[in-house]
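One-letter residues, chain by chain:
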Amino acid sequence: MRFRSLSRPRRALATLAAASLALAGCSSSGGSSNASPGGSKDYKGKTLTLWHYEGADSAMGIAWNQAIKDFKAKYPGVKVKFEAKGFEQIQKNANMILNSDSAPDILEYNKGNGTAGLLSKLGLLTNLTSAVHNYGWDKKLGSSLQTTARYSKGVMGSGDWYGVPNYGEYVMVYYNKKMFTKYGVPVPTTYDQFVTALDTFRQKGVTPIANGGAEYPAQQIFYELDLAKADRQFVNDYQLYQHKVDFHGPQLTYAAQTFADWVKKGYIAKDSANLKAQDMGNAFEQQKNPIMISGSWWYGTFKNEIKNFDWGTFLFPGNKLDPGSSGNLWVVPAKSKNKSMAYDFIDITMQPDVQNLLGNSGGIPVAADVAKITDPKNKELIQNFDKLSAQDGLAFYPDWPTPSYYDTLVAGVQELINGTKSPSGFLDSIAKPYNDYRSQLGK
Amino acid sequence: MTAVTRPVTGSVAPDSAPPAPAPPSVRRRRRGPMAYVVFGVLVAVMALFLGPLLIVAINSFKSASDFAAHGPLALPHGWHLSTITRFWKRVDFGTKLINSLEISLAVSVLGVVLALLNSYAIGIGRVRGRALFLVFFLMVNVVPQEGLVYPLYYLAKQVNLYDSKIAVIIIFTVIQSAFGTYLLSSVLAEFPTELIEAAEIDGANSWRTLTRIVLPMSWPTLSVMFTFFFIWTWNEFFLPLVFLISNDNQTVPVALAVLQGQHSMDVTATSASALLGVLPALLFFLVFQRTLTRGIAAGALK
Amino acid sequence: MSGGAAAGPPAGRRPGPGRRRRHRTRGYFWYLLPGLVLSFVVIVVPLAMNVGLSFTSWPGVGNPEWIGTRNYTRLFHDENFWASFRHTAAIVLAMAVVPTVLGLVLAAVLFDYVAKRFSSRSASLFRSGLYLPQVLPVAVSGIVWSWLLLPDGAVNALAKDAGLGGLVRDWLGDPDSALPSVLGIMIWIQLGYPVVMFMAGLQRVNPELYEAAEMDGAGWWQRFRRITVHQVRPELYVVLATTTIAALKTFAQVFVLTRGGPGNATLVPSYFAYRSFFEDADVGYGSAISSIMVLLILVVGVVFVRLQTRADTEGRR
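Sequence order sets the numbering: in each chain, residues are counted from 1 along the sequence as written. Just so you know, chain letters begin at A and ligand numbers begin at 1, following the order they were written in. Totals for whole chains, interfaces and linings use every residue, but because this is a predicted model, local features are given only for residues with pLDDT of at least 70 and side-chain atom pairs only at 80 or more, for both listing and counting. Note that water and hydrogens are dropped before the side-chain values are worked out from all heavy atoms of the structure.

A. Local environment of the interface of chain A and chain B. By definition in these notes, contact holds between two residues if any of their heavy atoms fall within 4.5 Å. Opposite the 34 residues of chain A that make contact, chain B presents 36 residues. Each of two parts loses accessible area, computed with a 1.4 Å probe, when they are put together; buried area is these two losses added. Summing both partners gives a buried area of about 2700 Å² for chain A against chain B, and 52% of it is carried by carbon and sulfur. A per-residue breakdown of the area chain A buries against chain B is headed by A:Gln89, A:Met96 and A:Gln278, which together make up 22% of the total. Here, a salt bridge means any side-chain nitrogen of Lys or Arg that lies within 4 Å of a carboxyl oxygen of Asp or Glu. Linking chain A to chain B there are zero salt bridges. Under the rule applied, a polar contact is a pair of N or O atoms within 3.5 Å (in protein, one hydrogen donor and one hydrogen acceptor; residues adjacent in sequence only if both atoms are side-chain atoms). Scanning the region where chain A abuts chain B turns up twelve residue pairs in polar contact (both at pLDDT 80 or more). Listed by contribution, the elements that provide at least two residues to the side of chain A that touches chain B are β2 (79-84), α3 (87-98) and α12 (277-285) of chain A. Here the side of chain A that touches chain B gets six residues from one element, more than from any other, and that element is α3(A). Where helices and strands are cited, they refer to DSSP runs of H or I of at least four residues and of E of at least two residues respectively, numbered from the N terminus.

What follows is the structure, given as structure tokens:
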């Protein structure tokens, strides 16, 4: 589905779009006019203000640089004012920035109810639905990827489009091949083998799992365990508030109990409560821990930085669901002054050359031709994601349900690691804020 | 005007001859063994204080894979300038340095001037409601910034000053000068009134008294304030983060934050940037505190 | 104040309050005007708006919704809120009391002892070294200290090497040692400020006072108690007041080192407010926390200023 090349359907769409524009005049349901591809657009002398916060050496950074070059080549005379932003600044101040005249024409923004959802509810983002249909982006994005691009009253999953993702991300197991060989541990393919592997490392005096209890990694491990026992409906209940979530139900109880067990058995270090994500990454790179359960965003970094041992990845054994989602979104602020330029830019990022470049640089593109991915390691990364996405296995992230849930989960899991709360007490402590927020939403 | 012995002491009789007392360093004492113990302790304390900066420095010269392999506390295996130069280009550090310099200097100068004016009125002029004003200015300096952000944002938007350095300069001038007012008022409250009265008798108005007598004699405190304001404003992160949006306007600490990504942190680049960010403030402090010491040790001031 | 010379014309004695009134006719109030106007616009008005917002529910955009005192009642029942204030008390100790006392002693040692027995140059160097942590952005020192305090970091390594294996622990991750570790780092950061302030104040002291005392047989400690502490009284008040209030407002160190964790073991009001404002998009709640902090700070400020002005007008001993 996502490996189709564009030429034929695109031309058809273009004529269709031109025709419908001619008939419809102004578009109706919140979308913007001029949301059509093709034709000869004249952007001479105009400037597109574009912000993102991905590192220049990251897969996205490289791909988007190329996209900017392609954009300038396609529309001679256009200027692109690119500003590299800090993640912190955008996250904390987005509503202030987008509500002012300093808003850019297009920017990268986080997906999820608490971020893109909130901004869309506040009317700060342009409704992209008609553009999406006109340019055909919805044909390129699988349904689970679309979930995080569409929001209805601030809740994702349905409704109008407010963002377009270029890449995907998911959580997997990174492992140090050298250490596995050294300690005689076979690479596991089932969950039981995985636990045996953890135990073997432990017996030999090595803490198997690198962890960062002060930030997102610990809660993602917890969520991964929860997903071992969960199904799609559970995820929909948890993330989309479809039904009430029983925090003492089998899935979450299993997850909390297992996590506490793993700490007790020493699979996860007892003193990892205040380690940051970066510390976890450092520990893996310095071969202190042979296993790291975290996201694909580490992939490029490891490729660039790890020179002295061989490493690989595999999906968490036994799970059909894993944490993951579309990557961050391109959003167009409501106050953008150059919306059609923004759409044309987004279109360029969805083109094969940019998408393939993203894949070849260590990222996970949404619409690339797998055959064009040269490095076998990258290929494996992308294929695992596609497999996950095809089986509707992307379960998003545990901190999405409420805007403050990230802090709740960090604090809660830290108590689990330090043993200051029992699994049951921990579940109680994360249940309350969830239920409070849910009732606030009127569900 | 009559010469006086030393600035702002309590009970020196004004008509004793000014001997221009020797600065302490001239009359050196015997160094007993105790002195060396004390010195040794201080050196150890220095190690504790300088150690972390050293760690920042060595990490600035590591390549990313070196850091990955050996961690933050190991010495670099090979010295790379590339991390620093890459970071410089990536955030256009030159512009950020200039912005930080502009803002910090402006705030320091304006802050000192404003504080001097305020303190003159409170400390020497002894205006009515002195205590109230002191509380007021103390409060202005210490109001938690988080609470002010949204209102200031709206006010700035109204006058089109959102995303501008002027807004940041004005805000910090007010905040820092309030501290200066609080500090200087206390110091000026102890200013020898005989000098003021002598000036009055000589026919000087309040402005001349301020500029000719109070200002020169308050130099130590003013220098300290100037240094503090510069460094504090240089290191301010929160309000610039909110108000300076365009990359052209941003300051050094905000640029540093660029390196803190969503999922991880570019550590060697952070160290490099920390080093670059700290050096100007550090230089400023070192340069300024020498003039500070020199200015005072010179002794008598007219 | 010691060493009363002051025989002679009345102008040498400190005049009583009555004498001062002569100055008021000179219109000193005008000097205050620019400062007052600017402060009003930049601080007072936003502060009033902040208090107003604390009675609303508002995500930051759109129209605030009036909810009366609901934010405050919610705060009252919030365990995080009370924990944060308990921690503040400890922080006041670490950021205000200890640095001030230690700073004064260090300043006196450097100024009176080191400068005399070695050189004023070395005293200056030590002062710069002590002040260095103040120059470093907290973000940077925070990162470095978190490396040093890692379970396998330098501090534990040094302890093991020095035979103090019992000291090894997870400094920032163990809820029992997290707050003390943060306090220690705060002292490290804060110490330079009082040292510089007091040394500047000591510049004002007539060295003849010290020499006279020394010739009278006063030891270092006596000179410290009788002369030093008195002479730097203005700085003492200012340093205590500002460090206490800085302690109440602590944010950056907690943000960088522990984000309020583990659990909420190092949560402080400022960070709590920041989370509400910028992570939870609950501006009303954050404003309520801020307003209470402002009230608390106001009380502390008033107390200090009163102590100070009373000491001023009570004359000098």
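B. Quick peek at the confidence of the model for chain A. Values of pLDDT, which run from 0 to 100, indicate the predictor's confidence residue by residue. The predicted model of chain A averages 87 in pLDDT, with 91% of residues at 70 or higher. Low pLDDT, under 50, characterises residues 1-33 of chain A; the predicted model gives this stretch 42 contacts beyond four residues in sequence or across chains.

C. The interface of chain B and chain C, seen in detail. Taken together, the contacts link 118 residues of chain B with 114 residues of chain C. A combined buried area of about 10600 Å² lies between chain B and chain C, and 71% of that area is made up of carbon and sulfur atoms. If you sort the residues of chain B by the area they bury against chain C, B:Phe49, B:Glu146 and B:Tyr150 come out on top, with a joint share of 7%. Inspection of the region where chain B meets chain C yields zero salt bridges. Summed over the shared surface of chain B and chain C, the result is six residue pairs in polar contact (both at pLDDT 80 or more). Taken together, the residues of the side of chain B that touches chain C sort by class into 84 nonpolar, 18 polar and 16 charged. Under the grouping applied here, Gly and all other residues not named as nonpolar or charged are polar, the nonpolar ones being Ala, Val, Leu, Ile, Met, Phe, Trp, Tyr, Cys and Pro and the charged ones Asp, Glu, Lys and Arg.

D. Just the confidence of the model for chain C, in detail. Residue and element names in this part refer to chain C. The predicted model of chain C averages 81 in pLDDT, with 90% of residues at 70 or higher. Model confidence for chain C, summarised as mean pLDDT per element, is weakest for helix α1 (residues 17-24) at 46 and strongest for helix α2 (residues 29-53) at 92. Segment residues 1-24 is flagged for pLDDT under 50; beyond a separation of four residues in sequence, or across chains, it makes 40 contacts in the model. Under the prediction, the complex receives an ipTM of 0.74, its pTM being 0.78.

E. Summary view of the packing of helix α9 (residues 216-228) of chain A against helix α17 (residues 405-418) of chain A. Residues and elements named next belong to chain A. Interaxial angles span 0 to 180 degrees and are taken between N-to-C directions of axes, which are lines fitted to C-alpha atoms, for helices over the stretch in contact. Contact geometry for α9 and α17: axes closest at 9 Å, N-to-C directions at 80°. Judged by the inter-axis angle, α9 sits roughly perpendicular to α17. Counted together, Tyr216, Ala218 and Gln219 of α9 and Tyr406, Leu409, Val410, Val413 and Ile417 of α17 form the full contact between these two elements. A breakdown of the residues in the contact of α9 with α17 according to their chemical character gives seven nonpolar, one polar and no charged. The labels follow the angle: roughly parallel below 35 degrees, roughly antiparallel above 145, roughly perpendicular from 65 to 115, and oblique for the rest.

F. How the structure looks around helix α6 (residues 138-148) of chain C. With nine of eleven residues buried, α6(C) is to be regarded as a mostly interior element. All of the buried residues in α6(C) are C:Val140, C:Ser141, C:Gly142, C:Ile143, C:Val144, C:Trp145, C:Ser146, C:Trp147 and C:Leu148. Between buried and exposed lies partly exposed: a residue is buried under 20% and exposed over 50% of the maximum accessible area for its type, with that area taken using a 1.4 Å probe on protein chains only.

G. Spatial organisation of the pairing of strand β1 (residues 47-52) of chain A. All names here are of chain A. Sheet topology note: the β1/β2 ladder contains six bridges and is parallel. Bridging from a neighbouring strand, Thr47 pairs with Lys79 of β2. With respect to chirality, the unit in which β1 leads through helix α2 (residues 59-74) into the neighbouring parallel β2 is right-handed. Any two strands with at least two DSSP-identified bridges between them are counted as paired. Both β1 and strand β3 (residues 106-109) contribute to a ladder of two bridges, which runs parallel. Within β3, the position partnered with Trp51 by the bridge is Leu107. Looking down the strands as they point away from the viewer, one classifies a crossover as right-handed if the path from the first strand across the helix to the second runs clockwise.

H. Spotlight on the environment of B:Trp232. Examined against the element boundaries, B:Trp232 turns out to sit in helix α10 (residues 219-235). Distance from B:Trp232 to B:Val107, taken between C-alpha atoms, is 9.9 Å for residues 125 residues apart in sequence.

I. Seen up close, the sheet that holds strand β5 (residues 155-156) of chain A. Residue and element names in this part refer to chain A. With respect to topology, three strands assemble into an open sheet ordered β5-β4-β6, the strand pairing being antiparallel. In this open sheet, the two edge strands, each paired with only one partner strand, are β5 and β6 (160-161). As paired strands, strand β4 (residues 150-152) and β5 are joined by two bridges and run antiparallel to one another. Within the sheet, the bridge partner assigned to Tyr151 lies in β5 and is Met156.

J. Inspection of the nonpolar core at higher detail. Put simply, a nonpolar core is a bunch of buried Ala, Val, Leu, Ile, Met, Phe, Trp, Tyr and Cys residues held in one set by side-chain atoms that sit within 4.5 Å of each other. If you look at the biggest cluster of nonpolar residues, it comprises 326 residues, and the most contacted ones within it are A:Phe259 and B:Phe243. It is helix α4 (residues 79-117) of chain C that provides the largest number of residues to this core, a total of 17 residues. Beyond its immediate chain neighbours, meaning those up to four positions away, A:Phe259 contacts A:Ala218, A:Ile221, A:Phe222, A:Leu225, A:Ile268, A:Val413, A:Leu416 and A:Ile417.

K. Just the pattern of salt bridges, in detail. All names here are of chain A. Overall, the coordinates contain 13 salt bridges over all chains when judged by the stated rule. Notably, a salt bridge pairs Glu83 with Lys85, separated by 2.8 Å at the nearest N-O pair. The pair formed by Glu83 and Lys85 is uniform in burial state, with each residue classed as buried. The partner of Lys432 in a salt bridge is Asp436, and the shortest N-O contact between them spans 3.0 Å. With Lys432 and Asp436 both in helix α18 (residues 423-440) and four residues apart, this pair spans about one turn of that helix. Its relative accessible area of 54% is what places Lys432 among the exposed residues. The network of salt bridges with common partners includes Lys81, Glu83 and Lys85.

L. Here's a closer look at the packing of aromatic side chains. Centres within 6.5 Å make a pair out of two Phe, Tyr or Trp rings, where for Trp the six-membered ring is used; the pair is then stacked when the planes are under 30 degrees apart, edge-to-face when over 60, and tilted otherwise. Inspection of the entire model under this criterion finds 77 aromatic pairs over all chains. Aromatic pair C:Phe81 and C:Trp82: ring centres 5.4 Å apart, planes at 70°, arrangement edge-to-face. The buried category is assigned to C:Phe81, whose relative accessible area is 5%. C:Trp82 sits in the partly exposed class, given a relative accessible area of 38%. An aromatic cluster is defined as three or more aromatic residues linked by ring pairs; in this entry it consists of B:Tyr150, B:Tyr153, B:Tyr154, B:Tyr162, B:Phe238, B:Phe243, C:Trp58, C:Phe251, C:Tyr271, C:Tyr274, C:Phe277 and C:Phe278. By definition here, charges over rings are those cases where NZ of Lys or CZ of Arg is within 6 Å of the ring centre and within 35 degrees of the ring normal. Across the ring face of A:Trp51, the terminal group of A:Lys85 is positioned such that the distance to the ring centre comes to 4.3 Å. Cation over ring: A:Lys377 sits above A:Trp311, and NZ or CZ is 4.4 Å from the ring centre.

M. Representation of unusual backbone geometry in the model. Even without being a glycine, A:Asp392 presents a positive backbone phi close to 55°. Looking at where A:Asp392 falls in the secondary structure, it is placed in the loop between α16 (376-390) and α17. Given a relative accessible area of 30%, A:Asp392 falls into the partly exposed group. Positive phi, normally seen in glycine, also occurs at B:Asp163, with a value near 60°.

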